[in-house]
Amino acid sequence: MKKLKFFAFLILLLASASFADEWKADKFDARRAIPNDITPPDRLEPENKLFPLENDEGVIRRVKISDGERVVALTFDACELATMTTGCDMDVINFLRENKIPATFFMGGKWMRTHARRVKQIMSENELFEIANHNWSHGNCALLSEEELKKQILWTQAQYEILLDEYLHEIYDSEGLEAAEEMQKKISPVPVLFRLPYGRNNESALKIISQLGLRIIQWDVAAEAGDNSNSKRAKRSAKKVAAMTHPGSILLFHANSVPKGTANLLKFLFAELQGQGYSFVKVSELLKLGEPETVRDGYFTTPGDNLVLDKKFGVDGTGRRK
């Protein structure tokens, strides 16, 4: 009997170790590790279409919390251009998981396909994480034609569906129909939130995105500034970011290994904000806690500070300089 218990414990231990290994960073998470693929997704439009929004609310930068509760949303962009593949920062994702910190990931559709395995893992942590739309290949919404903008958005919605279908089939194969159906109930059939690449838009883009049923989420705190790999710098940066943070803030980070040292910054910032009494929620939850504060044109920290990017990079996410 003791031997049976020991072997059962050993099997459980090995299974736990194997599961943990799946979340460890590997060579495929590095930038440019996976060959670039410029082809469209297997499905060009999502099967699940969102209803147009009743009101064009513009670009949401933060949420005014009615009772002043110290709550914020951490958001992470995960994207890549048409010309290259980028990485997946598993140090960031695992820090969030290990500390049970809710977060919203704004993913480009092409990035989703490149890192399909990681997207499905993030789907599996649906109580902590949610996935939102960040265009197919980081096309500039202020410069794209109406047709190209719709394509960038809908391709991403469709790619999400493709990966969700694959994930649910994997659950069905390993755990059965009931488990797959239960998981399906927990995960949104398509993203309902959208983030503007470069924070750029115009009035036409606002109308198109609203018609496609997506709410536009910006940020009021751009958390990353340079390389935070050095802990002394990361600690100083964390204090600066914490000073800019207020109840209802939406913080911008990246989970595609650009900039460097995001996980290091996140570690110090989490401790700083937690010490100030802050708690963390997904963006969809933050929106329910108060009144969104909106603008008509997105920007990083001050209005117009992203206009220079129109001249610097290509329109459609190619990364070409004009």
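Now for a description of the structure that goes with this document. Computed from a predicted structure; not experimentally measured. (Residues numbered from 1 in each chain as written. Predicted model: local features only at pLDDT ≥ 70, side-chain atom pairs only at ≥ 80, totals over all residues. Heavy atoms only, no water.)

1. Quick look at the overall build of the protein chain
Along its length, the protein chain carries eleven helices and ten strands. Taken against the 2.2 N^0.38 rule, which gives 20 Å for 322 residues, the C-alpha radius of gyration of the protein chain at 20 Å falls within 12% of a compact globule. Summarising its shape, the C-alpha atoms of the protein chain cover approximately 70 × 45 × 40 Å along the three principal directions. Scored against the burial criterion, the 322 residues of the protein chain give a buried share of 51%. (Helix = DSSP H or I, 4+ residues; strand = E, 2+ residues; numbered from the N terminus. Rg over C-alpha atoms; globule rule 2.2 N^0.38 Å. Buried < 20%, exposed > 50% of the residue type's maximum accessible area, 1.4 Å probe, protein only.)

2. Focus: empty space enclosed by the protein
Applying the stated rule across the entire model yields one cavity of 30 Å³ or more. Put simply, the largest cavity is a space of about 50 Å³. For the lining of the largest cavity, the secondary structure elements donating two or more residues are α7 (203-211) and β6 (215-217). Looking at the lining of the largest cavity residue by residue, the classes come out as four nonpolar, three polar and three charged. (1 Å grid on protein atoms, 1.4 Å probe; cavity = no way out; pocket = protein on both sides within 12 Å on 5 of 7 lines; lining within 4 Å. Points joined across faces, edges and corners; volume = space filled by probe spheres on them. Nonpolar A, V, L, I, M, F, W, Y, C, P; charged D, E, K, R; others polar.)

3. With respect to the environment of Ala242
Here Ala242 shows up in helix α8 (residues 231-244). For Ala242 and Leu269, which are 27 residues apart along the polypeptide, the C-alpha to C-alpha distance reads 6.8 Å. In this structure, Ala242 is in contact with Leu269, Glu272, Leu273 and Gln276, ignoring residues within four places of it in sequence. (Contact = heavy atoms within 4.5 Å.)

4. Considerations on unusual backbone geometry
The amide bond that connects Val258 to the next residue, Pro259, takes the cis arrangement and shows omega of -10 degrees. Looking at the element boundaries, Pro259 is found in the loop between β8 (250-254) and α9 (262-275). Positive phi, normally seen in glycine, also occurs at Asn135, with a value near 70 degrees. As for its position among the elements, Asn135 is in the loop between β4 (129-133) and α5 (146-175). Positive phi outside glycine occurs at His138, with the angle close to 65 degrees.

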